[in-house]
Structures are given as structure tokens and as C-alpha cells.
Amino acid sequence: MSTKISVYENVTEQFNRAADLMHLDPDVRKILEKPVNEVTVNFPVKFQDGKVEVFTGYRVQHSNVLGPFKGGLRFHPRVNIDEVRALATWMTWKTSIADLPLGGAKGGIQIDPSKYSQQSLERITRRFTFALGNTIGPDYDIPAPDVNTNPQIMAWILDTYLSTIPPQERQRSYHVVTGKPIELGGSLGRDKATGQGVVFVIQEWARDCHIDLSETTYTLQGYGNVGSWTARLMAPLGSRLLAVQDHTGSIADGRGIDPEALQQWVREHGGVAGYPGSRPVTNDEFFATQADIFIPAALENQITAETAPLLNVRTVIEAANGPTDLEGDAILKRRGIEVLPDILCNAGGVIVSYYEWLQNKRSELWELEEVDSKLHKRMISAYNRVRDTSRELNVDWRMGAYIVALRRIEKVYMDRGIFP
Ligand code: NAD
């Protein structure tokens, strides 16, 4: 019987396994077991109609041993300190694997954004930014978009943050958030970056396995930023999308779903349900759809004791953070379904966020081709490090990825020492 464990217990267990396998230095292990800082803010917002509501927001800064804290902000009713802690920890491993001079953080507000107008969301975002105060900063902790947050929300954060610092510092502080609109210092290629990174990993994996992607099929959970970009970038490679699920329902079409047309539908109707030409399927049917690849790109804990036995694929490419819980992972392993882990597959977002941060710091604007080719190079070298480490130590992809991440952090602690 399934005993639900929290996302933070999931990340802790993954970490402990990897630390045991690689014999991580016990002092470094103790340090990494806990986030450096955890900030909870309860802040009031007065709306246009005069009503006041109090919201709870979080920012967890797991580690800055490799560089400034970095990680997204999520607006979702299920956001809580445990989830944010887990997501912040995964960010530390991710930036380490991608060889970035950045640490790991995450934040969010416990809120259902669909219940608020744009005007109200702006007020909430601005008041949250104000409440965070110096918790964030351009060379200290740099937020970015995540679930239900987007370039517009980053623009409000930027504007609020700049309004609270001395005028002389404003022009050189645009890198306080990434994932901004292009006109406000955003980077070309950031919007699609996470999906693009996922597709680069899939291409490299297919090359390694001698698989022709034009003959493959896949299913996809989540059709937001990451899911839709992944599908749109998979389309030119010829891979057929057989089923999609989001918060509005699950759809399937054995002939293949057109990602561009679906994107248009989701933009107009708010979700995949009812997409013309597809048939609605149940949750179980969605998970049981036979395909080569399953790409979860929605939320945590989706591949579980209930759904893992249903999956009918060769490989899971984790585009979401933490989509597979511990029981799900064990079942997939027993069933011989390989899993390429989140901390490798979805690193494209933070990589291009890093490029945006660099462009802002240097007052530069890079061409899209430059961003894409740098992203490609960095994703492939991360992929190669993880694959080679997994093979060398005869461990699964997830443990290989953790060991790559932890080795780099351990080396930094060994070089720096522990103060005092
Ligand atoms: P998003 O808000 O743009 O999209 C989320 C998607 O998940 C939507 O399609 C939504 O319908 C779907 N969804 C929500 N609840 C669901 C449910 N119960 N069942 C099925 N689908 C559901 O978010 P996003 O930015 O695309 O993020 C998706 C995942 O990717 C998250 O785990 C996020 O942490 C991770 N991620 C995002 C980025 C990024 O750059 N945006 C980077 C790295 C990782």
C-alpha cells in the first residue's frame, strides 16, 4: 500500500542514497542536508474594492557555495515550505550539474492565481516583492518564472525591486530577476529554454541508443511553458505526440497531435480538454498509453505507486521537477523503465537564465543563435558527465546526476574550507 511521503522527504532520500554511494565527506553532507536560509512572509494586500487579504509567501535558499542563490517563484495553492525546500535543494544540484556559478533557491506564494484579475495579481506580486526586501538581490538571490509565473510577473518584481533601491543603483540591478520580457532585459531564447534543453537531452539520448526520433512516439503531461515548448520543438524531429494531460483533462489521438495547433487551443481555452479531433481519455488510460517516451512536465509526485505500474514506455524524460516519487521510481526500476532525471533534463531554463543574468551584468544583447548554441553545448556536456558517471559507477541516471552535482560541491568545500 502506498504511504505518501512529502517532496522534501523524496529529495532527502535521493540525496542520502547518492551521498552513501559516493562516500560524500560527512561534514559536507551535514551542511547540504539543510537549506542555508528559509524565509516565510505573511503580507497583506489591499485590493481595488478596499478588501484586504493576507498571503503567505516563501523563499528558501538552499546553497550559495557555488554562486548566488538562483531559482524560480511558483504561484500555486499547494505551495508550502516543504515543497519550496525540496525545489530549492533540487536547484542546487541542477546548477552544479550544469557547471554554473550559481547556487540553489526557490520560492512562491500559496495562491490560486486563476481566482484573481491581472490587476490583483500585480498587487500581490508587488507586495510579495516588497515583503521579501533584501532577501533577493541581483548578486545575491535571483528569482525566475516557474509554475503559474511568467515574464509579466518578473517585470512587476523587477519594477518593484528597482523602486526600493537608490536611483544610482537601478540601471545596474536589472539582473535581480531572469525570465523578463525581452524589452526589459530578458534574453532571447529564455522562454523556450527549458523545453529546448529537454529536447537537446532527448536527441543526445536517442543518438546514444541508436534511435531514430522520427520513428518514435511520446506522451506528455503538462502543456504550460515547459510542456508546450518541448512538444513544439519535438515536432520538427518527427516524433509523434500520442496523448497529453493537463489540469483540465487528458486527450489522445493515435494519429498524432499537432503541437502548434494544440498550443493555439490552450491559449484560447485555458487547457487541452476538448481539443478538436482528439478523444478524451481517463487518467489511467493516459498513463497506460503505449509510447516510446513519457515526458512529465507538470508538477511533483505524478509517477507514483498508482501510476508507475500503468506506464507503457521505454523511457521517462523528467521535464518537471520531482515528477517521480520514491515508490514510483522503485517500480519503474523494477519494470526496466529508465528515467532521465529532472536535475539534468530541465536545466535549460536555469542555463539561459544565467545567460540573461550575464547579458544584464555586461550590458550585452546576444543573438538567439548564440544563446541556443551555448545552451546546446552546456546541456550536452552535462548530459555526457551524467551518462559517463552513471556508466562508470554502474548506477542509474538519477544517482549519476546526483554524484556529478555532489562531487563538484564537495570539491569547492574542500578548497574553501569551512569557516571559522
Ligand atoms: P506552467 O504553469 O507554465 O505549466 C504547468 C502545466 O502543468 C500546465 O499545463 C497545467 O495545466 C499542468 N498541470 C497543473 N496541474 C496538473 C495536474 N494536476 N495534472 C496534470 N497537469 C497539471 O509551468 P511550467 O513553467 O511549464 O513548469 C512545469 C514544471 O517544469 C514544473 O515542475 C516546474 O518546476 C518545472 N520547471 C520549469 C522551468 C521553467 O523555466 N518554467 C524550468 C525548470 C523546471
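Our structure's up above, just so we're on the same page.
This is a predicted model, so every value here is computed, not measured.

Chemist: Even after reading the chapter, I still don't get the pattern of salt bridges, so can you show me in this structure?
Modeler: The final tally for this structure, using the stated rule, is 31 salt bridges. A salt bridge links Asp 396 to Lys 333; its shortest N-O distance comes to 2.7 Å. Of this pair, Asp 396 sits in the loop between α14 (368-393) and α15 (397-416) while Lys 333 sits in helix α11 (residues 326-334), placing them 63 residues apart in sequence. By relative accessible area, which is 28% here, Asp 396 ends up partly exposed. Among the ionic pairs, Asp 415 bridges to Lys 411, the shortest N-O distance being 2.6 Å. Here Asp 415 pairs with Lys 411, and both are found in helix α15, just 4 residues apart, close to one helical turn. For Asp 415, a relative accessible area of 55% translates into the label exposed. A cluster of three or more residues bridged by salt bridges with shared partners is formed by Arg 74, Glu 83, Lys 106, Asp 146 and Glu 300.

Chemist: Can you help me understand the packing of aromatic side chains in this one?
Modeler: Two numbers describe a pair of aromatic rings. These are the distance of the centres and the angle of the planes. The tally for this structure, following the rule as stated, stands at 16 aromatic pairs. Ring geometry for Phe 69 and Tyr 140: centres 5.4 Å apart, planes at 90 degrees, overall edge-to-face. Taken together, the residues Phe 69 in strand β3 (residues 69-76) and Tyr 140 in the loop between α4 (118-132) and β5 (141-145) connect sequence positions 71 residues apart. Looking at Tyr 140, the relative accessible area reads 34%, which means it is partly exposed. Residues Tyr 354 and Trp 357 carry aromatic rings whose centres are separated by 6.2 Å and whose planes lie at 35 degrees to one another, so their mutual orientation is tilted. Here the residue Tyr 354 and the residue Trp 357 both occupy positions in helix α13 (residues 348-362), the gap between them amounting to 3 residues, near one helical turn. Grouping aromatic residues by their ring pairs yields a cluster made of Phe 43, Phe 47, Phe 55, Tyr 116 and Phe 128. Directly above the ring of Tyr 8 sits Arg 85, whose terminal nitrogen or CZ lies 5.6 Å from the centroid.

Chemist: How should the site of the ligand be read in this particular structure?
Modeler: As a matter of local geometry, the ligand sits amid 22 residues, with Asp 146, Thr 194, Tyr 223, His 247 and Asn 321 nearest to it. Here an oxygen atom of the ligand and a backbone polar atom of Asn 148 are 2.9 Å apart. Contact between the ligand and Gly 224: an oxygen atom at 3.1 Å from a main-chain N or O atom of the residue. Elements with a minimum of two residues in the shell around the ligand: α7 (190-208), α8 (225-234) and β7 (240-246). Here the residues of the shell around the ligand sort into 8 nonpolar, 10 polar and 4 charged.

Rules behind the numbers
Residues numbered from 1 in each chain as written. Predicted model: local features only at pLDDT ≥ 70, side-chain atom pairs only at ≥ 80, totals over all residues. Heavy atoms only, no water. Salt bridge = Lys/Arg side-chain N within 4 Å of Asp/Glu carboxyl O. Helix = DSSP H or I, 4+ residues; strand = E, 2+ residues; numbered from the N terminus. Buried < 20%, exposed > 50% of the residue type's maximum accessible area, 1.4 Å probe, protein only. Phe/Tyr/Trp six-rings, centres within 6.5 Å; stacked < 30°, edge-to-face > 60°. Lys NZ or Arg CZ within 6 Å of the ring centre and 35° of its normal. Near = heavy atom within 4 Å. Polar contact = N/O pair within 3.5 Å; in protein donor to acceptor, adjacent residues only side chain to side chain. Nonpolar A, V, L, I, M, F, W, Y, C, P; charged D, E, K, R; others polar.

Remember, this is a structural readout, not a statement about activity or role.
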